Structures are given as C-alpha cells and as structure tokens.
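Residues per chain are reported as follows:
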Amino acid sequence: MTTPRTIEDRDAALRLARESYRAISLYAPDRAPCRIDLSDNTNTWGIAPAVEEAIHQAAIAAVTRYPNLYAAPLKEALGGYLGVASDHIVTGCGSDDVLDSAIRAFAEPGDAIAFPDPSFAMIPIFARMNGLRPMPVRLTASLDLDADAMLATEARIIYVCSPNNPTGNAMSRAAVERVVERASGIVIIDEAYAEFAGGDFLDLLSASDRVLIARTMSKAFGLAGLRVGYAAGSPALVAEVEKSRGPYKVNGIAERAALSALGDGLPWARAHVAEAIANRERLTDALRERGLSPLPSAANFVLVPVAAANERARRMRTLGVAVRPFEGLPPLGDALAATGGSALRISVGPWEMVEAALGALDASAEDTP
Ligand SMILES: *Cc1c(COP(=O)(O)O)cnc(C)c1O
C-alpha cells in the first residue's frame, strides 16, 4: 500500500491547477441518503415498466462496445418527440453536459454569460469552468425575467430557465421573446421542467436561429441516474455544441433506456406528469392552509419561503424526509422578502411522500429557537 501525500501537496497541486479554478468548489449539496428524498426534483415514481424491461434486455454488447458516436437513433427519437428534424438535436451526458458544452462552444474565456438570479445553481459553476464571467441578473419582483437588464449586459450568452429552478414559475412570453429578438449572442432556454408547465418556448426555434432549448430525461422521464440530456436548435448551432461536447457521451444502456422512454414508455411518463401536476397543486393548497406562501409553480417542485431553511431541512432529514433548503435568495416579492430569502424547495412525488414531507415540515416548526 502506498500512502499518498496530503496536506502540503494540496497547496502545491492548487498552484499547478489553472488559476481560474481556485475560485471553483465542488458542487456538493447534502445528498446523504434519506428515506423519502424530495430534494432533487427527480421522478420519485420511478420509470416506465417498458424502460425497466429495456434496461434488463440490453445486450452485453451495450457494455463492451462503444456506444453510438453522437447518439443518432436517440436524436431521431427526440426530434420526433419535439416535432423537429433530428439534425436540430444534440444530446449529452445529462443536460448539464449539454449546457457546459454550449457555454464552451459559444464563448471564449473572458466573455460574459448573463443568467437570472436566482436560477439553476450549475450555471455560474459552468461559467467559471469555462473561463467566463458570470453576470447574475435579478428576476423582477414578480419573479419574471428582467429582459432589459439581461440585454444591457451585452453578454455573449444569455441563459434563461423556464420554468425556473428554484422559483418554479415560468418566465413570461413577452420577456423571453424580447430577449430572443434583441440579444446580440446566443440565448439558451433551459426547459428541464417543460413537461410540467403546460407550455414551452419551442416555437421560438422558428423565430430565431440563435436559440438553443435545453431539455433533460432526468425529471419527467425518471432517468437522472443514466444521464441523458439534449438540446434543440438550428443545425449549425447544435453542430457547434456537438463539437464541443465530443463523441460517446450517451452510454449504450442510457441510449436504449431513453429510446424506450420516448417510445413504449411515453404514456407512462405522460400519466405521471399529470399526477405530479395534480399533487403540486394539492401541495400548494396544503402549504397555504398552513399560513405559508408557496410560490406558484409550473414545475414538479414548490418553493416555500420559511425562516431558517437550513435548520428546518436538517430537522426534516432527521425525520426521514429530504428537501432542498435555500438561504440568501434575493428577497423578491413579499413572501421571500418576509423570510429574508430563506426557503425550502419540495419536489412533488406520490402523494404519500408529499404527505410525509408536510408532516415533517410541521414537526420541524415546533420549538424553533
Ligand atoms: C435538473 C436540472 C438540469 C440537469 O439535468 P441533467 O439532465 O440531469 O443534467 C438542468 N437544468 C435545470 C434547471 C435543472 O433543474
């Protein structure tokens, strides 16, 4: 056994690493296993039986051979799902990979990327990983995109998330259209939760050839562990993302599972999306009955402002329920202002799970210091 050197070498290693990486820390939310996990907006119903079957049936060749270079069969199926030709699609190892690749493809180190505050926590991380200057732009008091402030950054890339994580609301069509019409660079619209929203911005693909719409199989389709994401855009645009992404990013088993999810598994996904939407409304009502002010959501989670969110989430965890705490969110709107930007994000799943979360939430409020 060798004993790897530690402490002193860590500083030396940091000096060897690229300087811009010193400000980056690992993305490490509390992911300790928990009996009921409503912390990451994945599909807690599971996956379609057809997808489970496809995973079991995947031949050993799916493991021993390299997968498709750029997942052509999956691009075909995703194009069918969105109603665009397959040369408008790029896939990746989760939409995280697609977003990261797109940021690298469309901006040089030193360029700026504008994104809403608050929004998807990975964006400033991907920005720094690629040497970009992160430019957060606050949402308005009504939690809408501040189109003019976004445009005023003159950023090379504008990132928009709708429905937005963690607020849950969809951005207004007027604001998104204004950004798309006037942006001087690329506009990435992250629609990770589109299936739950009852509307999307796919039509903007025909209005502009500078729009990239990112989607994922991790949320509505339940494939978070297999890492399958994709984006739609003009063929020239997605070809650049594909270059930056590199080959073999969707593994063989993941591709088979995703094909099944979009084929025989699709009715299952649609049914569970409908159930998630119903439970989301039920959860929102239940929170209101408790005198709380949950933000209206178009996603499969609800953000509810409560004081001391970290402590509340810690207590809920000891009761077997994981939710995602946020502290220090911008105090936008009355509800978030009242808690100083402290809130819990609760994912929606089967009602028994949501009910358990409500019980743990109630219990966690007792004897708050
Ligand atoms: C979950 C999430 C993703 C990441 O999805 P993966 O495909 O699992 O990488 C992207 N964007 C937003 C806003 C998300 O919430």
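Everything below is about the structure shown above.
Residues numbered from 1 in each chain as written. Predicted model: local features only at pLDDT ≥ 70, side-chain atom pairs only at ≥ 80, totals over all residues. Heavy atoms only, no water.

### Overview of helix α11 (residues 252-262)
Owing to its 3.6 residues per turn, the α-helix brings residues three or four apart onto one side. Across the eleven residues of α11, eight count as buried, placing the element largely inside the fold. Those residues of α11 that are buried are in contact with α2 (49-57), α3 (61-64), α4 (72-82) and α12 (266-289). Two to three positions downstream of the cap, the backbone nitrogen of Ile 253 sits 3.0 Å from a side-chain oxygen, assigning the N-cap of α11 to Asn 251. (Buried < 20%, exposed > 50% of the residue type's maximum accessible area, 1.4 Å probe, protein only. Helix = DSSP H or I, 4+ residues; strand = E, 2+ residues; numbered from the N terminus. Contact = heavy atoms within 4.5 Å. Polar contact = N/O pair within 3.5 Å; in protein donor to acceptor, adjacent residues only side chain to side chain.)

### Concerning the layout of surface pockets
Size it by volume and the largest pocket reaches roughly 770 Å³. Lining the largest pocket are 40 residues, with Tyr 27, Phe 120, Met 122, Asn 165 and Arg 324 sitting closest to its centre. If you list the elements that add at least two residues to the lining of the largest pocket, you get α5 (94-106), β3 (112-117), α6 (122-129) and β11 (324-326). Top contributing element to the lining of the largest pocket by residue count: α5, with four residues. In terms of residue class, the lining of the largest pocket is made up of 19 nonpolar, ten polar and eleven charged. Residue lining of the second largest pocket: 15 residues in total, with Tyr 81, Ala 194, Glu 195, Arg 215 and Arg 270 positioned closest to the centre. The set of elements that each furnish at least two residues to the lining of the second largest pocket consists of α4 and α12. A per-element tally of the lining of the second largest pocket places α12 first, with four residues. Across the lining of the second largest pocket, the residue classes break down as nine nonpolar, two polar and four charged. (1 Å grid on protein atoms, 1.4 Å probe; cavity = no way out; pocket = protein on both sides within 12 Å on 5 of 7 lines; lining within 4 Å. Points joined across faces, edges and corners; volume = space filled by probe spheres on them. Nonpolar A, V, L, I, M, F, W, Y, C, P; charged D, E, K, R; others polar.)

### Notes on the environment of Glu 53
For Glu 53, the position within the fold is in helix α2. Taking C-alpha positions, Glu 53 is 25 Å from Tyr 193, a pair spaced 140 residues apart along the chain.

### Some details on the nonpolar core
Counting residues in each nonpolar core, the largest one holds 85 residues, and the members touching the most others are Ile 158, Val 176, Ile 189, Met 217, Phe 221, Leu 283 and Leu 344. A total of eight residues in this core trace back to one element, the largest contributor, which is α12. Leu 99, Ile 113, Phe 115 and Leu 212 belong to the second-largest nonpolar core, a separate cluster that totals 27 residues. (Core = buried A, V, L, I, M, F, W, Y, C linked by side-chain atoms within 4.5 Å.)

### With respect to the pairing of strand β8 (residues 229-232)
Burial along β8 is two-sided: the residues Gly 229 and Ala 231 and Tyr 230 and Ala 232 are all buried. Of the pairings in the sheet, the one linking strand β2 (residues 89-92) to β8 comprises four bridges and is antiparallel in character. By the bridge assignment for β8, Val 90 is matched with Ala 231. In this structure, strand β7 (residues 211-216) lies alongside β8, joined through four bridges in antiparallel fashion. Its bridge partner being in β8, Ala 214 is matched across the sheet by Ala 231. (Pairing = 2+ DSSP bridges.)

### Overview of the pattern of salt bridges
For the coordinates displayed, the defined rule picks out 16 salt bridges. We note a salt bridge from Arg 215 to Glu 191, for which the minimum N-O separation is 2.9 Å. One end of the pair, Arg 215, is in strand β7; the other, Glu 191, is in the loop between β6 (186-190) and α9 (204-207), and 24 residues separate them in sequence. The salt bridge partner of Asp 362 is Arg 290, with a shortest N-O separation of 2.7 Å. Residue Asp 362 is located in helix α15 (residues 351-365), and its partner Arg 290 is located in the loop between α12 and β9 (301-305); the two are separated by 72 residues in the primary sequence. With relative accessibility at 34%, the residue Asp 362 sits in the partly exposed group. (Salt bridge = Lys/Arg side-chain N within 4 Å of Asp/Glu carboxyl O.)

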